[in-house]
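Coordinate analysis (summary)
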Amino acid sequence: MYKYSVSLALFDYIPVILSATGLYFVVKTIASDSFKYSKLTAISACLIVASGLSKASWKLIIATSGVDIALLNNALFVLMTPGFILLTFCLWAFRRQFANNPVKQTAWRCPASIIMLFAIISVYLAFAFPEKRLWFLVLLLPLTLANCVFSFHAIRHSMKTGSAFAALLFLLNIVGIFVMSGLAQTGDQSEAMQWIEEMVNAATQGALALAGYLLWQASENSPTESLAASANS
């Protein structure tokens, strides 16, 4: 049985807000009128934010009424995994475009196929083994890989646009994600441990928020030639 205090549940919205802020600036950085996947970039960020909101709302409902709405809890990975896969693809395509080597018009089929494949496998496992969370592990793998690849491109682009601090913050963000994963594996569900996890999560998403802002600022102030050099690396 899940148990959360109201204060802990409310605090969980803070990392979501910070994450949304960082993603907003990332979208502003890579989505322009000339970028063919601008709408897809925004949609992918919305999926990620929606996943965080669903998890925070799930906690708040449990804290205030004791009702466990599993759909809201499961939506975290159901929405976040395709969101990060698509966002990572958009960032990669963005860097390719500024290198005057744009991706093919049909390139979106690759991330779409990956999402479809893992969706089919996870749905099968959810129905075949309802007592287990094998579907969760299936979605966790591509999410982790997408997170790492996204961070790599974000760090490279930050360095090439002259924002080393943004690169460091993107690095701290991915490190924080792995730290949170490690804390979750301890199995300790005490109130104290949950507060530690929330604090780490807030710091992790805070790093993303500031990194996104600094990357956008650096990109706005960098000439097109620097952006092209970034995509070539």
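This text goes with the structure placed above it.
Attention in this report is confined to the structure presented alongside it. (Residues numbered from 1 in each chain as written. Predicted model: local features only at pLDDT ≥ 70, side-chain atom pairs only at ≥ 80, totals over all residues. Heavy atoms only, no water.)

The secondary structure content of the protein amounts to 9 helices and 0 strands. Listed by position from the N terminus, the elements making up the protein come as α-α-α-α-α-α-α-α-α. The C-alpha atoms of the protein give 18 Å as radius of gyration, which agrees with the globular expectation for 233 residues (17 Å, within 12%). Projected onto its principal axes, the C-alpha positions of the protein cover 55 × 35 × 25 Å. Sorting the 233 residues of the protein into buried and exposed places 45% on the buried side. Considering only contacts within the protein whose residues lie at least 6 apart along the sequence, 77% involve residues at least 24 apart. Carbon and sulfur atoms make up 69% of the accessible area of the protein, which totals about 11,700 Å². The average position of the 14 basic charges and that of the 10 acidic charges among the side chains of the protein differ by 13 Å. (Helix = DSSP H or I, 4+ residues; strand = E, 2+ residues; numbered from the N terminus. Rg over C-alpha atoms; globule rule 2.2 N^0.38 Å. Buried < 20%, exposed > 50% of the residue type's maximum accessible area, 1.4 Å probe, protein only. Contact = heavy atoms within 4.5 Å. Areas by Shrake-Rupley, 256 points an atom, 1.4 Å probe, with all protein chains shown as cover. Lys, Arg positive; Asp, Glu negative; His and termini not counted. Charge placed at Lys NZ, Arg CZ, Asp CG, Glu CD.)

Time to look at the nonpolar core. One finds Ile30, Tyr37, Phe84, Phe150 and Phe170 to be the most contacted residues of the largest nonpolar core, which totals 39 residues. No other element matches the 12 residues that helix H4 (residues 70–98) contributes to this core. Dropping the residues within four chain positions of it, isoleucine 30 is found in contact with Phe35, Thr41, Leu87, Cys90, Leu91 and Phe94. (Core = buried A, V, L, I, M, F, W, Y, C linked by side-chain atoms within 4.5 Å.)

This part is about helix H6 (residues 134–160). In this model, H6 (27 residues) spans 40 Å end to end at C-alpha, consistent with the 39 Å of a helix rising 1.5 Å per residue. Immediately downstream of H6, the backbone of glycine 162 shows phi near 85 degrees, a positive value. (Expected span 1.5 Å × (residues − 1).)

On the surface, Phe165, Leu168, Leu171, Leu172, Val175, Val179, Leu210 and Tyr213 cluster together into a nonpolar patch covering about 670 Å² of accessible area. Within the residue set of the nonpolar patch, elements represented by two or more residues are helix H7 (164–184) and helix H8 (191–221). The leading source of residues in the nonpolar patch is H7, at 6 residues. Residue placement: leucine 210 occurs in helix H8. (Patch = residues over 30% accessible without salt bridge, like charges linked within 9 Å, V, L, I, M, F, W, Y side chains within 5 Å. Salt bridge = Lys/Arg side-chain N within 4 Å of Asp/Glu carboxyl O.)

Our focus in this paragraph is the packing of H7 against H8. Between H7 and H8, the shortest axis-to-axis distance is 8 Å and the interhelical angle comes to 160 degrees. Judged by the angle between their axes, H7 and H8 are roughly antiparallel. For the element pair H7 and H8, the recorded crossing hand is left-handed. When the residues that make up the contact of H7 with H8 are grouped by side-chain class, the tally is 18 nonpolar, 6 polar and 1 charged. (Axes fitted to C-alpha atoms, helices over the stretch in contact; angles between N-to-C directions. Parallel < 35°, antiparallel > 145°, perpendicular 65-115°, else oblique. Left-handed = near helix turned anticlockwise from the far one by under 90°. Nonpolar A, V, L, I, M, F, W, Y, C, P; charged D, E, K, R; others polar.)

Further remarks concern the environment of asparagine 201. Along the chain, asparagine 201 turns up in helix H8. Along the chain, asparagine 201 and leucine 18 lie 183 residues apart, while their C-alpha atoms are 9.8 Å from each other. Setting aside its immediate chain neighbours within four residues, asparagine 201 contacts Asp12, Pro15 and Met180.

It is worth spelling out the packing of aromatic side chains at this point. Both the distance between ring centres and the angle between the ring planes are used here to describe each pair of aromatic rings. Counted by the stated rule, this structure contains 14 aromatic pairs. On the basis of an interplanar angle of 70 degrees and a centroid distance of 5.0 Å, the ring pair of tyrosine 37 and phenylalanine 89 is categorised as edge-to-face. Here tyrosine 37, found in the loop between helix H2 (13–30) and helix H3 (38–65), pairs with phenylalanine 89, found in helix H4; they are 52 residues apart in sequence, far enough to count as distant. According to the relative accessible area criterion, tyrosine 37 is buried, its value standing at 8%. Of the residues examined, phenylalanine 89 reaches a relative accessible area of 7% and is grouped as buried. Pairing tryptophan 135 with phenylalanine 136 gives two aromatic rings, centres 6.5 Å apart and planes at 80 degrees, and the pair type is edge-to-face. Both residues of the pair, tryptophan 135 and phenylalanine 136, count as buried. One aromatic cluster in this structure is built from Phe35, Tyr37, Phe89, Trp92 and Phe94. Here the guanidinium or amino end of arginine 133 rests over the ring plane of phenylalanine 136, the centre of that ring lying 4.9 Å away. (Phe/Tyr/Trp six-rings, centres within 6.5 Å; stacked < 30°, edge-to-face > 60°. Lys NZ or Arg CZ within 6 Å of the ring centre and 35° of its normal.)

Moving on: the pattern of salt bridges. Considering all chains together, one arrives at 2 salt bridges under this definition. Put simply, lysine 59 and aspartate 12 hold a salt bridge, and the shortest N to O gap is 3.9 Å. Placement of lysine 59 in helix H3 and of aspartate 12 in the loop between helix H1 (6–11) and H2 is noted, with a sequence separation of 47 residues between them. Residue lysine 59 shares its accessibility class with aspartate 12, and that shared class is buried. The closest approach of N and O atoms between glutamate 198 and lysine 59, which form a salt bridge, is 2.8 Å. Of this pair, glutamate 198 sits in helix H8 while lysine 59 is found in helix H3, placing the two residues 139 residues apart along the sequence. The two residues glutamate 198 and lysine 59 agree in class, both being buried. Residues joined by salt bridges that share partners form a network here, namely Asp12, Lys59 and Glu198.

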